[in-house]
Amino acid sequence: MLIDEALDYIDEAAEGIPSGVPSGLTQLDELSNGLQNGELIIIAARPAMGKSVLATTIQKNAAHMGWPS
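Residues numbered from 1 in each chain as written. Predicted model: local features only at pLDDT ≥ 70, side-chain atom pairs only at ≥ 80, totals over all residues. Heavy atoms only, no water.

K.L.:
I would appreciate a short explanation of unusual backbone geometry in the present structure.
P.N.:
Backbone geometry at Ala-48 places phi at a positive 65°, although glycine is not the residue there. Mapped onto the secondary structure, Ala-48 falls in the loop between helix H2 (26–32) and helix H3 (51–64). (Helix = DSSP H or I, 4+ residues; strand = E, 2+ residues; numbered from the N terminus.)

Rendered as structure tokens:
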């Protein structure tokens, strides 16, 4: 039922288990609760500041945890 799903979501959040796709970056996952479906995530910075490295790291970490890219 809907209430059971909501309670499971709350329990997982309390235990620190991301409800979305984990990025593998602990602090980011704590702040965002994982990457959620339907979100538009913008990584912005000046040139050569590591945007591509960050995106690649998140994708690699998620793949290692069993999430498809």
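There's more to say after this.
K.L.:
I'm lost on a negative patch on the surface in this one. Help?
P.N.:
A contiguous patch of negative charge on the surface is contributed by Asp-4, Glu-5, Asp-8, Asp-11 and Glu-12. Within the secondary structure layout, Asp-8 lies in helix H1 (residues 2–15). (Patch = residues over 30% accessible without salt bridge, like charges linked within 9 Å, V, L, I, M, F, W, Y side chains within 5 Å. Areas by Shrake-Rupley, 256 points an atom, 1.4 Å probe, with all protein chains shown as cover. Salt bridge = Lys/Arg side-chain N within 4 Å of Asp/Glu carboxyl O. Lys, Arg positive; Asp, Glu negative; His and termini not counted. Charge placed at Lys NZ, Arg CZ, Asp CG, Glu CD.)

K.L.:
I'm lost on H3 in this one. Help?
P.N.:
Because each turn of an α-helix spans 3.6 residues, side chains separated by three or four positions end up pointing in the same direction. Look at H3: 20 Å from first C-alpha to last across 14 residues, which is about the 20 Å you get at 1.5 Å a residue. Taken together, the buried positions of H3 are occupied by Ile-58, Asn-61 and Ala-62. Seen along its axis, H3 keeps its buried residues to an arc of 100°; they face one direction. Away from the buried face of H3 by more than 90 degrees, exposed residues Ser-52, Val-53 and His-64 are located. Summarising the contacts, the buried residues of H3 are in contact with H2. (Expected span 1.5 Å × (residues − 1). Buried < 20%, exposed > 50% of the residue type's maximum accessible area, 1.4 Å probe, protein only. Arc of directions from axis to C-beta. Contact = heavy atoms within 4.5 Å.)

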